[in-house]
Amino acid sequence: MKRLDDALTDRDGSLYIEERQATQLLEEFGSPLFVVSEDQIRRNVRRFQTAFSTGWTQGPVKILPAAKASWSAAVQSVLASEGCGCDTYSPGELAIALNAGFDPALISVNGFPKDPAHVRHSVEVGARLTIDSLEEIDAIEAAAKATGTKAKVRVRLKPVLSGFIDNTEFASEGLIPTDLATLAYKGGLGFEEAVAAGKRVLASPHLQLVGFHQHHGRHDASLRYWEEQMRAYAFEIARVCEALGGYRPKELDIGGGYAIPRDPHNAATDYTEPLKLSLFYMLSKTLKLAGDKARYKVMTEMVDRFIEMAPKQKPAPSIEEYAATATSTLTRELSARGIDTKGVMLQLEPGRSIHGNSGVHLTTVRGVKRVVTPVVWNIVAVDTTEFWLTGGRYEHHLHDFRVANRMGAACDQKADIVGASCFADRLLPAVRVPELAPGDVIAFLDAGAYQEVSASNFNALPRPATVLVSGKNADVIRRRETLDDVFQRDLVPKRLGREKAA
Ligand SMILES: Cc1ncc(COP(=O)(O)O)c(C=O)c1O
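Residues numbered from 1 in each chain as written. Predicted model: local features only at pLDDT ≥ 70, side-chain atom pairs only at ≥ 80, totals over all residues.

1. Considering the site of the ligand
Consideration 1: In the vicinity of the ligand lie 16 residues, with Ala66, Gly256, Glu349, Gly351 and Arg352 positioned nearest.
Consideration 2: Residues belonging to the shell around the ligand are distributed by class as follows: four nonpolar, eight polar and four charged. (Near = placed C-beta within 6 Å. Nonpolar A, V, L, I, M, F, W, Y, C, P; charged D, E, K, R; others polar.)

Below you can see the structure in the form of structure tokens.
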């Protein structure tokens, strides 16, 4: 038995998720399938809790995983049972958090803009509202007054990362310095607005300012990026506190953005690619002069040598490394600016790093095409689609993967693994694979965050089921859609003479 991860093993060439064989799960629940390991989620949460508590000893540490990354009721119940809080961004996520049983004082209500009814409900249930615009303060105050409570709020800051000007890995457009990219993102209040918000809250008998929030997200996986985030956060906290006449926070939320260990993020974007493709294109045009036969011969050689994608090989920093860097920098930088952190609660909102490696997406090969002339190109079609892995498409993910029923097979050829939609749907473009045949099962690793929750019904395709595995147990936590589900919101005006679209 070879171990790939806490929950993933290779047993005699077959992939297991905890104690369940991947191929057997497909036989039982159908293909394609999202599989979530309960044990991996629990391990990730406990590692975060231990690592950050080791670094932040001056006060409590609370993990508030971002619901958006994986918001099914079952997964959120697992997190609630671990004593976590919950980072929410919408009325739906707040409803899920309340249903799962999180302590409302540990539910972080983020978002800009916020719907007034959502603000009211958040105040009524006693959740922590994160102020992210001056306009929302009136609504929060009115709701607190109406319910006769003092609403506990924090102000979301927008620390300026002047010390981190490397290219942001979120930029698909090209090269953009991270400090400018974070300023352009809508979340957070600039210094002047943060001070205005703080003053307004402190002056209100219906509001209590409990602390600050920041989230810049996963622009870069490095520890250096975290060092700069915490330096800039401490700087911003200190100058806002000073402008508020010596205010001292009780809670500090440092947000999410910690990379998944195998870090599929942006692995599909190679910034040298436009240059390589331009050269390739120019060569292909020039070779036309030599005749088609010669041109295709050279092109075949070029494709074979230069067009290949591979998932990242270098692991991202560990949870422990992120924790040590973030907590030591924040403690040091705050104390250097005269902010005593004794008793301050540290909160964090990891999304991808709690859920990423807990999820595997299993898909079955349905067809293989081998183009031999004029240029060799192998196309392997599977029964999933990029529309069910969209969270990752937005972030240019290139997932690590395994052939679940032939784990050790030599990868002696190159192929495009394509999906079932009418788009090009190149899920794994030009990757090294063994010879594949219909029935083989491909496992996309690290598919637990942002994927299943972003799936759509493009091509009127019913979305796959999700199964939660715990040891030998496997339970459906989100059932596979039927065609009726796909069409259930459709209405056809009577005058068109039919009741339903299909
Ligand atoms: C406010 C907030 N917190 C936490 C997260 C989670 O980020 P990640 O999944 O990169 O850890 C997000 C993601 O967008 C967010 O907006």
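2. Structural notes on unusual backbone geometry
Consideration 1: Omega for the peptide link from Ser31 to Pro32 comes to -5°, which places this bond in the cis form.
Consideration 2: Relative to the elements of secondary structure, Pro32 occurs in the loop between helix H1 (22–29) and strand S5 (33–37).
Consideration 3: In the segment running from Phe112 into Pro113, the intervening peptide bond is cis, with an omega of 0°. (Helix = DSSP H or I, 4+ residues; strand = E, 2+ residues; numbered from the N terminus.)

3. Some thoughts on helix H6 (residues 135–147)
Consideration 1: When H6 is considered as a whole, its buried residues turn out to be Glu136, Ile137, Ile140, Glu141, Ala143 and Ala144. The arc that holds the buried residues of H6, viewed along the axis, is 165°, so those residues lie on one side. For H6, the exposed residues lying more than 90 degrees away from the buried face are Glu135 and Ala146.
Consideration 2: Looking at the buried positions of H6, the neighbouring elements they touch are helix H5 (116–125), strand S9 (128–131), strand S10 (151–156), helix H8 (191–202) and strand S11 (207–213).
Consideration 3: Of the residues one or two after H6, Gly148 is the one with positive phi, at around 70°. (Buried ≥ 20, exposed ≤ 12 C-beta atoms within 10 Å, placed from the backbone. Arc of directions from axis to C-beta. Contact = placed C-beta atoms within 7 Å.)

4. Some remarks on the domain arrangement of the protein
Consideration 1: Entries for the protein in the domain assignment read domain 1 (38–260 + 316–356) and domain 2 (273–306).
Consideration 2: Here the C-alpha centroids of domain 1 and domain 2 sit 50 Å apart. (Domains from an automatic or database assignment.)

5. Concerning the packing of H5 against H6
Consideration 1: Close contact between H5 and H6 brings their axes to 9 Å; oriented N to C, the two are set at 45°. Put simply, H5 runs oblique to H6. Here H5 and H6 pass one another in a crossing that is right-handed. Residue-level inspection shows Pro116, Val119, Arg120, Val123 and Glu124 of H5 in contact with H6, the latter providing Glu136, Ala139, Ile140, Ala143, Ala144 and Thr147. (Axes fitted to C-alpha atoms, helices over the stretch in contact; angles between N-to-C directions. Parallel < 35°, antiparallel > 145°, perpendicular 65-115°, else oblique. Left-handed = near helix turned anticlockwise from the far one by under 90°.)

6. Observations regarding the environment of Leu244
Consideration 1: Within the secondary structure, Leu244 is located in the loop between helix H9 (223–243) and strand S12 (251–253).
Consideration 2: Under the C-beta neighbour-count criterion, Leu244 is labelled partly exposed, with 18 such atoms within 10 Å.
Consideration 3: Here the alpha-carbon distance between Leu244 and Ala232, two residues 12 residues apart in the chain, equals 18 Å.
Consideration 4: Once you skip the residues sitting within four places of it in the chain, Leu244 turns out to touch Val195, Gly198, Lys199 and Leu202.

7. Examining the sheet that holds strand S2 (residues 8–11)
The strands that make up a sheet are held in pairs by hydrogen bonds between backbone atoms, and each pair lies either parallel or antiparallel.
Consideration 1: Taken together, the four strands give an open sheet; going across it, the order is S1-S2-S3-S4, and neighbouring strands pair in antiparallel fashion. The sheet is open, and its two edges are formed by strand S1 (2–3) and strand S4 (20–21), each paired on a single side. (Pairing = 2+ DSSP bridges.)

8. Description of helix H10 (residues 273–286)
Every α-helical turn comprises 3.6 residues, leaving residues that sit three or four positions apart pointing alike.
Consideration 1: A rise of 1.5 Å per residue sets the reference length of H10, with its 14 residues, at 20 Å; its end C-alpha atoms lie 20 Å apart and thus fit the reference within 8%.
Consideration 2: In terms of burial, H10 is a largely surface element, zero of the 14 residues being buried. (Expected span 1.5 Å × (residues − 1).)

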